[in-house]
Amino acid sequence: MDHVISIKNLNKTFANGVMALKNVSLDVNSGEILALLGPNGAGKTTLISIACGLTYASSGQVFIAGYDIRKDYKAARRLVGLVPQEIALERYENVLDTVHFSRGLFGLPPDNALVEKTLRLLSLWDKRESSLRALSGGMKRRVLIAKALVHEPTIIFLDEPSAGVDVELRKEMWDVIKGLRDQGATVVLTTHYIEEAEELADRIAIIDKGAISLIEQKDQLIKQMGGKKIHIDLTEPCSSIPANLQKYDTHVTRDKKSLVYVCDTKYREKEIGLFLNDLHKTNLNIRDITTKEKTLEEIFMSIIEERKP
Ligand SMILES: Nc1ncnc2c1ncn2[C@@H]1O[C@H](COP(=O)(O)OP(=O)(O)OP(=O)(O)O)[C@@H](O)[C@H]1O
Ligand SMILES: [Mg+2]
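As the structure is a prediction and not an experimental result, all values here were calculated from the model. (Residues numbered from 1 in each chain as written. Chains lettered and ligands numbered in written order. Predicted model: local features only at pLDDT ≥ 70, side-chain atom pairs only at ≥ 80, totals over all residues. Heavy atoms only, no water.)

A few words on the site of ligand 1. For ligand 1, the set of nearby residues contains 15 residues, the closest of which are Asn40, Gly41, Lys44, Thr45 and Thr46. One nitrogen or oxygen atom from the side chain of Asn40 is found 2.8 Å from an oxygen atom belonging to ligand 1. Thr46 is positioned such that a nitrogen or oxygen atom in its side chain is 2.5 Å from an oxygen atom of ligand 1. Against a free-state accessible area of 640 Å², the protein chains account for coverage of 65% of ligand 1. Looking at which element gives the most residues to the shell around ligand 1, the answer is helix α1 (residues 44–51), with 3 residues. (Near = heavy atom within 4 Å. Polar contact = N/O pair within 3.5 Å; in protein donor to acceptor, adjacent residues only side chain to side chain. Areas by Shrake-Rupley, 256 points an atom, 1.4 Å probe, with all protein chains shown as cover. Helix = DSSP H or I, 4+ residues; strand = E, 2+ residues; numbered from the N terminus.)

Considering soluble globular proteins, one finds that nonpolar side chains tend to be buried as a cluster. Residues Leu119, Leu158, Ile177, Leu189, Ile204 and Ile206 are the most contacted members of the largest nonpolar core, which totals 47 residues. Residues contacting Ile177, with those up to four places away along its chain left out, are Ile33, Leu158, Pro161, Val187, Leu189 and Leu200. Counting residues in each nonpolar core, the second largest holds 28 residues, with Val24, Ile69, Phe157 and Val188 among its members. (Core = buried A, V, L, I, M, F, W, Y, C linked by side-chain atoms within 4.5 Å. Buried < 20%, exposed > 50% of the residue type's maximum accessible area, 1.4 Å probe, protein only. Contact = heavy atoms within 4.5 Å.)

Parsing the protein chain into structural domains produces domain 1 (3–222) and domain 2 (227–293). The straight-line distance from the C-alpha centre of domain 1 to that of domain 2 is 44 Å. (Domains from an automatic or database assignment.)

Now for a negative patch on the surface. A grouping of Asp166, Glu168, Glu172 and Asp175 is seen on the molecular surface, where their side chains present a negatively charged patch. Tracing the backbone shows Asp166 in the loop between β7 (155–159) and α6 (167–182). On the accessibility criterion, Asp166 (45% relative accessible area) is partly exposed. (Patch = residues over 30% accessible without salt bridge, like charges linked within 9 Å, V, L, I, M, F, W, Y side chains within 5 Å. Salt bridge = Lys/Arg side-chain N within 4 Å of Asp/Glu carboxyl O. Lys, Arg positive; Asp, Glu negative; His and termini not counted. Charge placed at Lys NZ, Arg CZ, Asp CG, Glu CD.)

Protein coordination of the magnesium ion (ligand 2) is provided by Thr45 (OG1) and Gln85 (OE1), with donor distances spanning 2.0 to 2.1 Å. Remark: Gln85 occurs in the loop between β6 (80–83) and α3 (95–104) and Thr45 occurs in helix α1; sequence separation between them is 40 residues. In this structure Thr45 comes out as partly exposed when scored by relative accessible area, which is 32%. Assessed through its relative accessible area of 28%, Gln85 is described here as partly exposed. (Donors = N, O, S within 2.8 Å, 3.2 Å for Na, K, Ca; no water.)

Turning next to the pattern of salt bridges. Close approach of charged atoms allows side chains of opposite charge to pair. Scanning the model with the defined rule gives 10 salt bridges in all. Residue Glu199 pairs with Lys178 through a salt bridge whose shortest N-O separation is 2.6 Å. Separated by 21 residues along the polypeptide, Glu199 in helix α7 (residues 194–200) and Lys178 in helix α6 bring together distant segments of the chain. Taking the relative accessible area as the measure of exposure, Glu199 reaches 37% and is therefore partly exposed. Its relative accessible area of 22% is what places Lys178 among the partly exposed residues. One connected set of salt bridges, linked through shared partners, spans Arg181, Asp182 and Asp202.

The strands that make up a sheet pair up through hydrogen bonds in the backbone, lying either parallel or antiparallel. The sheet built from 4 strands is open, its strands ordered β12-β13-β11-β14 with antiparallel pairing. Each edge of the open sheet is held by one strand with a lone partner, namely β12 (250–252) and β14 (286–293). Here the strands of the sheet are splayed against their neighbours by 20° on average, with no regard to which way each runs. Pairing geometry for strand β11 (residues 227–234) and β14, over 7 bridges, is antiparallel. Bridge pairing in β14 links Leu234 to Ile286. (Pairing = 2+ DSSP bridges. Axes fitted to C-alpha atoms, helices over the stretch in contact; angles between N-to-C directions.)

Right, let's talk about α3 for a bit. The α-helix winds at 3.6 residues per turn, so residues separated by three or four positions along the chain end up facing the same way. Listing the buried residues of α3 in full gives Val95, Leu96, Thr98, Val99, Ser102 and Arg103. Where the residues of α3 are buried, they touch α4 (112–121) and α5 (137–149). Between a side-chain oxygen at the N-terminus of α3 and the backbone nitrogen of Leu96 the separation is 3.1 Å; the capping residue is Asn94.

On the surface, a cluster of nonpolar side chains totalling about 220 Å² of accessible area is made up of Leu276, Ile286 and Ile289. Inspection of the secondary structure assignment puts Ile286 in strand β14. Of the residues examined, Ile286 reaches a relative accessible area of 37% and is grouped as partly exposed.

Once that is clear, we can look at the pairing of strand β9 (residues 203–208). Burial of β9 is extensive: 6 of the 6 residues sit out of reach of the surface. For strand β3 (residues 33–37) and β9, the ladder comprises 4 bridges, and the chain directions are parallel. Its bridge partner being in β9, Leu34 is matched across the sheet by Arg203. Bridge analysis of β9 against strand β10 (residues 211–217) gives 6 bridges, and the strand direction is antiparallel. What sits directly across from Ala205, in β10, is Ile215. Counting the residues between successive antiparallel strands, the hairpin from β9 to β10 contains 2 residues, one of them, Lys209, with a positive phi of roughly 50°.

Running from N to C, α3 and α5 cross one another at 30°; their axes reach a closest spacing of 8 Å. Crossing of α3 over α5 shows right-handed handedness. Side by side, α3 and α5 meet where Val95, Thr98, Val99 and Ser102 of the first sit next to Val143, Ala146 and Lys147 of the second. Of the residues assigned to the contact of α3 with α5, the class counts are 4 nonpolar, 2 polar and 1 charged. (Left-handed = near helix turned anticlockwise from the far one by under 90°. Nonpolar A, V, L, I, M, F, W, Y, C, P; charged D, E, K, R; others polar.)

Structure, rendered in structure tokens:
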């Protein structure tokens, strides 16, 4: 496998003693979208900052297309586009100038056509003359994306790209990110929106308290960890679970009008039949039965819960 980003045994302890990363190793495949999920303070931004050469690790190494981010900083950095989590823009500059400037920072000649294409891609062309301070938060975030793309990087880190971006524009941005991948770029993104990871990611890494707790193909993760929820709506409220159903993972809803049975994918084939058989033997009067797959959000929460001390 062609690993375009290779992170090896990274540790980061800040001056105040906070251990933000603990022996993190991670390989990113060429052309994939990897979503980095984790609660606040998990270490996502620290990891991205080290991978982009903005912060030094306490120990460990990062290779970008084979270049060591510390020893071959310039070569590695040229390949990388970073959309930072914090919005820091020159308030009095306009959109067009700031995007041109970002390209210049890499020693590249001006390219009006590319800047126009990038701004149009992000629905910012009409705002090109606007001063940055006059833009909304969502527009500022898209300016950050334009700035990150304008030196034509092949590896793009997006740290919470859709924070503060409304639902409609978020969907537009998802198309932009998918478009980058379709053109061959490798994308690493952090997000708190599980549906964003569900929509975009090829693989998902979960980071918690500075350590990677899981990395898996998204589809595989949903298949392995997901499950089916079967809602049994009752004609009469039920206060407790019938004795012969207690061996299953079942609960009564708060309004007592339904029974919910959660079936792990692993056991699905044999268990559902047995459950329905036992359900039939109870004296419950059933109004309706509906089924629902577990969402990635539920999977994510259960993984984090499981790992709590
Ligand atoms: N410059 C710093 N000095 C000291 N501690 C820091 C510094 N930057 C981050 N930290 C700490 O390191 C830990 C990881 O922070 P980081 O910003 O990487 O988390 P994150 O996963 O990006 O969180 P969020 O989802 O809130 O963006 C936190 O405990 C944070 O307080
Ligand atoms: Mg962060």
